[in-house]
Amino acid sequence: MITNISISNFRAFQAAITVRIRPITILIGKNSAGKSSLIKFLLMLRQTLESQSDQFFVTNGKHVQLGTWKDLRHTNTRERRCWDSSLRFSIDVLTDDLPSAEIQAMWQAASRKRMITTDGNKLRLQLEIEKQPVKRESQKVKFRIRGGVHYGNRFKYGRHEVYGRLNPFALFRKYGANNLDRVGFLRFERTDSLNDLIESVAAERFLDTLRHEFLSQRHLSPIREESQLAVQTGSPPPNDVGDRGEYAMPHLADFFTNTEMHDKAAFVQKFAQIVGGIDDLTFKSKLTKILTHIKGRNVDTQAVVSLADFGFGVSQCLPIFVQGAMHQRGQLLIVEQPESQLHSTAQLELGSFFAELWKERGVPSLVETHSPNIILRLRKLVKEGKLLPDDISIAYFTVEQRWRNTIDAMRDEFFYDVASNANQKGKGFRAVSVKNLNINADGSLEKGLPMEFFGADLIEALEMGAVK
Amino acid sequence: MSHIAIDTCVFEHYLNLAPEWNEDHHIDRVLSALQRRGVALCVDSNNRIASEYDAKIKPIILSRDETGMERFVLSYWMLYCPRKTVAADEADYRMNRIRREIIEPEPVDRAFVYVACAENCKLITNDKEHILQRRTRLRRETREYRGEATDFISSRQADGLIAHPENLA
């Protein structure tokens, strides 16, 4: 599971920001504060890994269209000569999906010694592996993927490093630098050396674990597709409702018609009822099961109508429930504005949905929202003891005064989590920053979120009362 | 529907500006009990009370972080709760009697006492200097211009009445 993401000089982020990722991570902030930029960064990583392209990052693809490589650069660093002309990133991943102890030992042996030696006209392969390698499969290992890619005109120059540490041992380390045309995100240059070839075989197993973290993510954009009177079932992409929820209904039909998927159907039905007010979903196939009519019963009026005749909010939330039902343990679900078109009570219930997704199904979620009600429900669940304080992180995106002293200070902030603001000298600048807030065990929120952020209505009411 | 008048300082103390006033969270209990009863908040037609709410509470909101439930409680009282606007004549006999006791230039304090008398309801205030210490004299002065239920009580006294909320509002 991803636990931390740091980025600088990428779209909205001029200075480095760090977002702590927990099982339920809520991104809040004003419009254009950078919440979506973080999600787009993750989508860019996913489509890079899905692509066969030799680019380090695939900026335009199936999941996100970000323009050219240089368009990613923050405007302030683009318009004038700036020392920071690279996109820098650092991602921490905590995982227990490790290669077997034998493969780990093989990788260590291959990375430490030259296994291929020349003996006259013969090549000699000598591989030494410890007889009883340390069993580490069940332990969690923290990996850090970090790098910097230059926004230059002619060359894509940069560096890229992955290392995993199982204290006190360095478990894995892979480094690629200079010309990034031969190196991509989680893809390293292979030389003609036989030694490197053997090493890379073992390294691929480590890298596959990390790639899976990004490839298994699913994303739902802020605007999902509207329900239709009849849906074409066919063969939707496995375990994916699509970024706009376009494949949600075929999957839903599958849940209700396939007896092996009744638990998923029950999960969706439960939240469709609580959040959307729909009960008793039924599917009627026509034209040799290609077209399916979906009907549901309105909980309040008991009227049985087509799904398309329910409110727009229903079509916006159903894909989230379907994707949640399909998600496997540990796969990150990214949802932008799940509260879209939903009234405030239903927004509260969405908080319970994300909580249940984690507690019952082990699915972490990254939620970008403008809804205080989702947070309020999560606070209540923490106070009731149904969620742990460590299960939730609230990332508040805001614009603050940042200080830029030296490259070293910036680097310290980026790589070693030492705030460069500690030495507030020199000319400051205003830039996006992120505060990672906790929910305390008593349900209260850690200091850092101004009351006026969600309290604009309160201020408006006070001002209105004072008008004579 | 029953009514209540609540001095701005009670909300300020609720927001823990002076922790000693609300360290036991009794104001939380009082506001919560009143909210459950759906009590209407009394304000004056001259907007003195609403203006003071704006002038004193807004800066607190702008300067504070959201941690507990304060925003939700304040939102209820300032935005959602029923309000009773009391027609206040600053030159009538009732106001003149109040002015005899609160002689200082404290028109908002006078307005709080005025609306409590006019609506025959309790005024919850922690203003010792201008209201609570003069409670007996204020009661005497306004005897002809208030009902039997009118009283000027502190938030702690209000907390004591929660067990019998019909005595509170």
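What counts, and where the lines are drawn
- Residues numbered from 1 in each chain as written.
- Chains lettered and ligands numbered in written order.
- Predicted model: local features only at pLDDT ≥ 70, side-chain atom pairs only at ≥ 80, totals over all residues.
- Heavy atoms only, no water.
- Salt bridge = Lys/Arg side-chain N within 4 Å of Asp/Glu carboxyl O.
- Helix = DSSP H or I, 4+ residues; strand = E, 2+ residues; numbered from the N terminus.
- Buried < 20%, exposed > 50% of the residue type's maximum accessible area, 1.4 Å probe, protein only.
- Contact = heavy atoms within 4.5 Å.
- Buried area = accessible area lost by both parts, 1.4 Å probe.
- Polar contact = N/O pair within 3.5 Å; in protein donor to acceptor, adjacent residues only side chain to side chain.
- 1 Å grid on protein atoms, 1.4 Å probe; cavity = no way out; pocket = protein on both sides within 12 Å on 5 of 7 lines; lining within 4 Å.
- Points joined across faces, edges and corners; volume = space filled by probe spheres on them.
- Nonpolar A, V, L, I, M, F, W, Y, C, P; charged D, E, K, R; others polar.
- Domains from an automatic or database assignment.
- Expected span 1.5 Å × (residues − 1).
- Axes fitted to C-alpha atoms, helices over the stretch in contact; angles between N-to-C directions.
- Parallel < 35°, antiparallel > 145°, perpendicular 65-115°, else oblique.
- Left-handed = near helix turned anticlockwise from the far one by under 90°.

Colleague: Any details on the pattern of salt bridges? Residues and values, ideally.
Modeller: Summed over the entire model, instances satisfying the criterion amount to 32 salt bridges over all chains. Between glutamate 50 of chain A and arginine 46 of chain A there is a salt bridge; the shortest N-O distance is 3.1 Å. Of the two residues, glutamate 50 of chain A and arginine 46 of chain A both sit in helix α1 (residues 35-50), four residues apart, roughly one turn of that helix. The exposure class of glutamate 50 of chain A is partly exposed, given its relative accessible area of 34%. Aspartate 159 of chain B serves as the salt-bridge partner of arginine 29 of chain B, at 2.9 Å between the closest nitrogen and oxygen. Taken as a pair, arginine 29 of chain B in helix α3 (residues 26-37) and aspartate 159 of chain B in helix α9 (residues 155-160) lie far apart in primary sequence, 130 residues in all.

Colleague: I'd like to hear about unusual backbone geometry, residue by residue, with values.
Modeller: The general pattern is negative phi for most residues beyond glycine and trans for most peptide bonds. Residues and elements named next belong to chain A. Here the phi dihedral of asparagine 9 falls at roughly 55 degrees; this positive angle occurs in a residue that is not glycine. Positionally, asparagine 9 belongs in the loop between β1 (2-8) and β2 (17-20). Since its relative accessible area comes to 0%, asparagine 9 is described here as buried.

Colleague: Any chance you could break down the interface of chain A and chain B for me, citing the residues and the numbers?
Modeller: In this assembly, 24 residues from chain A lie in contact with 25 residues from chain B. Summing both partners gives a buried area of about 2,200 Å² for chain A against chain B, and 63% of it is carried by carbon and sulfur. Considering only the side of chain A, the residues that lose the most area to chain B are Met451, Leu458 and Leu462 of chain A, jointly responsible for 34% of the buried surface there. Lysine 58 of chain B is the partner of glutamate 463 of chain A in a salt bridge, and the nearest nitrogen-oxygen pair spans 2.8 Å. The interface formed by chain A and chain B includes ten residue pairs in polar contact (both at pLDDT 80 or more). Residue assignment for the side of chain A that touches chain B shows that the elements contributing at least two residues are α9 (372-383), α11 (451-454) and α12 (456-466) of chain A.

Colleague: Which residues make up the layout of surface pockets, and what values go with them?
Modeller: Remark: the empty space left among the atoms is shown by a probe the size of a water molecule rolled over them. Taken as a whole, the largest pocket spans an internal volume of roughly 680 Å³. Lining of the largest pocket is provided by 22 residues; of these, Leu376 of chain A together with Gly68, Met69, Phe72 and Val73 of chain B occupy positions nearest its centre. Breaking the lining of the largest pocket down by element, the ones donating at least two residues are α9 of chain A together with α5 (70-80) of chain B. No other element matches the seven residues that α9 of chain A contributes to the lining of the largest pocket. In the lining of the largest pocket, the residues fall into nine nonpolar, six polar and seven charged. Forming the boundary of the second largest pocket are 20 residues, of which Met1, Leu94, Lys140, Glu213 and Gly330 of chain A lie nearest the centre. Broken down by secondary-structure element, the contributors of at least two residues to the lining of the second largest pocket are β4 (86-95) and α4 (194-215) of chain A. Class assignment for the residues of the lining of the second largest pocket results in six nonpolar, seven polar and seven charged.

Colleague: Break down the domain arrangement of chain A for me, with residues and values.
Modeller: All names here are of chain A. For chain A, the domain assignment lists domain 1 (1-216 + 330-338 + 364-468) and domain 2 (223-327). Approximately 670 Å² of surface area, both sides summed, lies buried where domain 1 meets domain 2, with 48% of it carried by carbon and sulfur atoms. If you sort the residues of domain 1 by the area they bury against domain 2, Gln331, Leu333 and Pro338 come out on top, with a joint share of 50%. Run the count over domain 1 and domain 2 and you get one salt bridge. Residue aspartate 240 pairs with arginine 46 through a salt bridge whose shortest N-O separation is 3.6 Å.

Colleague: Outline the environment of threonine 398 of chain A, listing residues and values.
Modeller: With respect to the secondary-structure elements, threonine 398 of chain A resides in strand β17 (residues 392-403). Considered as a pair, threonine 398 of chain A and glycine 296 of chain A are 102 residues apart in the sequence and their alpha carbons are 42 Å apart.

Colleague: Just give me the short version of helix α7 (residues 107-119) of chain B, but keep the residues and values in it.
Modeller: Residues and elements named next belong to chain B. Spanning 13 residues, α7 covers 18 Å between terminal C-alpha atoms, matching the ideal 18 Å at 1.5 Å per step. Taken across its 13 residues, α7 has ten buried, putting it largely inside the fold. All of the buried residues along α7 are Val108, Asp109, Arg110, Ala111, Phe112, Val113, Tyr114, Val115, Ala116 and Cys117. Immediately beyond the C-terminal end of α7, within one or two residues, lies asparagine 120, with a positive phi of roughly 55 degrees.

Colleague: Describe the packing of helix α5 (residues 248-257) of chain A against helix α6 (residues 262-274) of chain A, with residues and values.
Modeller: All names here are of chain A. Where α5 meets α6, the axes come as close as 7 Å, and the angle between the chain directions of the two elements is 120 degrees. By the angle class used here, α5 and α6 are oblique. Here the hand of the crossing between α5 and α6 comes out left-handed. From α5, Leu252, Phe255 and Phe256 reach across to α6, where they touch His262, Lys264, Ala265, Val268 and Gln269. Considering only residue class, the contact of α5 with α6 consists of five nonpolar, two polar and one charged.

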